[in-house]
Amino acid sequence: ENLCKVDTVVLDKTGTLTEGVPVVTDSYWVSDDNADYLDILYTAEQKSEHPLASAIIRWLEDSGAKACGTENFESLTGRGVRIQVEGITYWVGSQGLLEIFQAVIPEKARKQVEQWQQEGQSVVFYGQDACLLAVLAISDRIKPTSAEAVKELKKQRIEVHLLTGDGIRTAERVAATLGIDHYKAEVKEEYIVSLQRQGKKVAMVGDGINDSQALARADVSIAMGKGTDIAMDVAMVTLITSDLLLLPDAIRLSKQTVRL
């Protein structure tokens, strides 16, 4: 009954618009990439449920990284993770973590990050306390049906928004590729609330643990069938496969059902 009233759809990027099978394509180390740093990064990503974590784990396994003991682990919703090893805090995630830990990107690293983002790649930041240790570039192919799904939603006069934890340049590049006019990097739940305050009926589509709060806040929450269990637990609708073309079909079905 609510889905037929939706006039705005917010789409998460990773695993929703993209294949969700990311691969680490490059890395830039601000400090020496010693074995301890690799082991700590490996341990942090093993505890993370973000889709990009699997790419980093595979990449680190090829480097011979091993898990190490940790004292604390915390998931920072929509931003990344934080762990403690021997009393020292390490963090991995989006660019928003730089502000939280007051870390600075050196000029050479900044230029590399900008290049990756212009190419549409996701960038993951890894640091220790207020020190940035490394940045990783991760590529995740856009699904073949994503552009067509966006086009179908627009035909139904539904406003489409892209929401991602990646940097603004990556968001801009993906949005341009798919013909999405509205996009936002970093915040998720707050963005949903801002749209609702404008009087919009909002559907949120996501597949990961970092989407759960935004999904719960939306008027209609939709999970991708190959997403995490928590996303499907929170969502009102689950698309059985990860084909986004099912979304305009579901909205059309809702309108026909309620009309009858």
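The shown structure was predicted, so the numbers you read here are calculated from the model rather than taken from an experiment.

Cut-offs applied
Residues numbered from 1 in each chain as written. Predicted model: local features only at pLDDT ≥ 70, side-chain atom pairs only at ≥ 80, totals over all residues. Heavy atoms only, no water. Helix = DSSP H or I, 4+ residues; strand = E, 2+ residues; numbered from the N terminus. Buried < 20%, exposed > 50% of the residue type's maximum accessible area, 1.4 Å probe, protein only. Contact = heavy atoms within 4.5 Å. Areas by Shrake-Rupley, 256 points an atom, 1.4 Å probe, with all protein chains shown as cover. Lys, Arg positive; Asp, Glu negative; His and termini not counted. Charge placed at Lys NZ, Arg CZ, Asp CG, Glu CD. Pairing = 2+ DSSP bridges. Axes fitted to C-alpha atoms, helices over the stretch in contact; angles between N-to-C directions.

Secondary structure assignment for the protein yields 11 helices and 12 strands. When its C-alpha atoms are laid out on the principal axes, the protein stretches across 65 × 35 × 35 Å. When each of the 260 residues of the protein is scored for burial, the buried share is 52%. Sequence-distant contacts in the protein: of pairs separated by 6 or more residues, those separated by 24 or more amount to 60%. Summed over all atoms, the accessible surface of the protein reaches about 12,200 Å², with 46% contributed by carbon and sulfur. Between the centroid of the 28 positive side chains of the protein and the centroid of its 38 negative side chains there is a distance of 9 Å.

For glutamine 102, which is not a glycine, the phi torsion comes out positive at approximately 55°. Of note, glutamine 102 is situated in the loop between helix H4 (96-100) and helix H5 (107-118). Residue glutamine 102 is classed as exposed on the basis of its relative accessible area of 66%. With phi around 60°, arginine 157 is a residue other than glycine that occupies positive phi space. Looking at the element boundaries, arginine 157 is found in the loop between helix H6 (146-155) and strand S8 (159-164). What makes arginine 157 exposed here is its relative accessible area of 78%.

Let us now look at the sheet that holds strand S3 (residues 72-76). Here we have 6 strands laid out as an open sheet, ordered S2-S7-S6-S5-S4-S3, and antiparallel in their pairing. Each end of this open sheet is capped by a strand with a single partner; those strands are strand S2 (23-29) and S3. The mean angle between the axes of side-by-side strands here comes to 15°, regardless of whether they run parallel or antiparallel. Note: S3 against strand S4 (residues 80-85), 5 bridges, orientation antiparallel. Bridged to asparagine 72 within S4 is glutamine 84.

What follows is about the environment of glycine 199. Here glycine 199 is to be found in the loop between helix H8 (189-197) and strand S10 (202-206). Under the relative-accessibility criterion, glycine 199 is labelled exposed at 60%.

Let us now look at the sheet that holds S10. Strand pairing in a sheet relies on backbone hydrogen bonds. The paired strands run either parallel or antiparallel. Read from one edge of the open sheet, 6 strands run S9-S8-S1-S10-S11-S12, paired in parallel fashion. The open sheet has two edge strands, strand S9 (182-185) and strand S12 (237-239), and neither has a second partner. Between one strand axis and the next, the sheet turns by 20° as a mean value, whatever way the strands run. The sheet strands contacting helix H7 (residues 168-178) are S8 and S9, and the helix crosses S9 at an angle near 155°. Lying on the sheet, helix H11 (residues 246-259) is in contact with strand S1 (8-12), S10, strand S11 (220-224) and S12; it crosses S1 at an angle near 150°.

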